[in-house]
Amino acid sequence: MRRASRNLLTGSVTLVVGLGLWLFAGGVDLPVVTPTKVGVVMTCVGGAEVLLGLHRAARGPAGSR
């Protein structure tokens, strides 16, 4: 699997899981972390990884440079 497609896949999964935590885990109380805050961070990281994958896909394969 190429790096661009791997970044797109992991970024989209992280984005969806983070969005789910952010939207639906508001009533859950954990002693160390707040699931909604973890969801916001995961959504941001997933979005950044999707953007990185899109950037790498637009640049093309590394061997052609």
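The following refers to the structure shown. Note that the structure is a prediction, hence the values are computed from the model and not measured. (Residues numbered from 1 in each chain as written. Predicted model: local features only at pLDDT ≥ 70, side-chain atom pairs only at ≥ 80, totals over all residues. Heavy atoms only, no water.)

## Section: the side chain of N7
- Summarising the element assignment, N7 is placed in helix α1 (residues 3-24).
- Residue N7 is classed as buried on the basis of its relative accessible area of 9%.
- Those residues in contact with N7 that lie beyond four places of it in its chain are E49, V50, L52, G53 and R56. (Helix = DSSP H or I, 4+ residues; strand = E, 2+ residues; numbered from the N terminus. Buried < 20%, exposed > 50% of the residue type's maximum accessible area, 1.4 Å probe, protein only. Contact = heavy atoms within 4.5 Å.)

## Description of α1
- Here α1 contains 22 residues, and its C-alpha end-to-end distance of 31 Å stays within 8% of the 32 Å for a straight helix at 1.5 Å per residue.
- Among all positions of α1, only A4, N7, G11 and G18 are buried. Each buried residue of α1 sits inside an arc of 70° when the element is viewed along its axis, so together they form one side. Across from the buried face of α1, at angles greater than 90 degrees, the exposed residues are V16 and F24.
- Taken together, the buried residues of α1 touch α2 (35-59). (Expected span 1.5 Å × (residues − 1). Arc of directions from axis to C-beta.)

## A word on the environment of A25
- Turning to its location among the elements, A25 is positioned in the loop between α1 and α2.
- Spatially, the C-alpha atom of A25 lies 6.1 Å from that of T36, the residues being eleven residues apart in sequence.
- Not counting chain neighbours up to four residues away, the residues in contact with A25 comprise G20, P35 and T36.

## Things to note about the side chain of T43
- Within the secondary structure layout, T43 lies in helix α2.
- Apart from residues no more than four positions distant in its own chain, T43 is found in contact with L15, G18 and L19.

## Some thoughts on α2
- Its 25 residues place the ends of α2 36 Å apart at the C-alpha level, agreeing with the 36 Å of an ideal helix rising 1.5 Å per residue.
- For α2, the complete set of buried residues consists of P35, G39, T43, G46, G47 and G53.
- Tucked into the core, α2 has its buried residues touching α1.
- Following α2 by one or two positions, G60 adopts a phi angle in the positive range, close to 95°.

## Observations concerning a nonpolar patch on the surface
- A cluster of nonpolar side chains, L19, W22, L23, F24 and V40, forms an exposed patch at the surface whose accessible area comes to about 530 Å².
- In terms of residues, the nonpolar patch owes the most to one element, α1, which gives four residues.
- For L23, the location among the structural elements is in helix α1. (Patch = residues over 30% accessible without salt bridge, like charges linked within 9 Å, V, L, I, M, F, W, Y side chains within 5 Å. Areas by Shrake-Rupley, 256 points an atom, 1.4 Å probe, with all protein chains shown as cover. Salt bridge = Lys/Arg side-chain N within 4 Å of Asp/Glu carboxyl O.)

Just distances and angles here, no functional claims.
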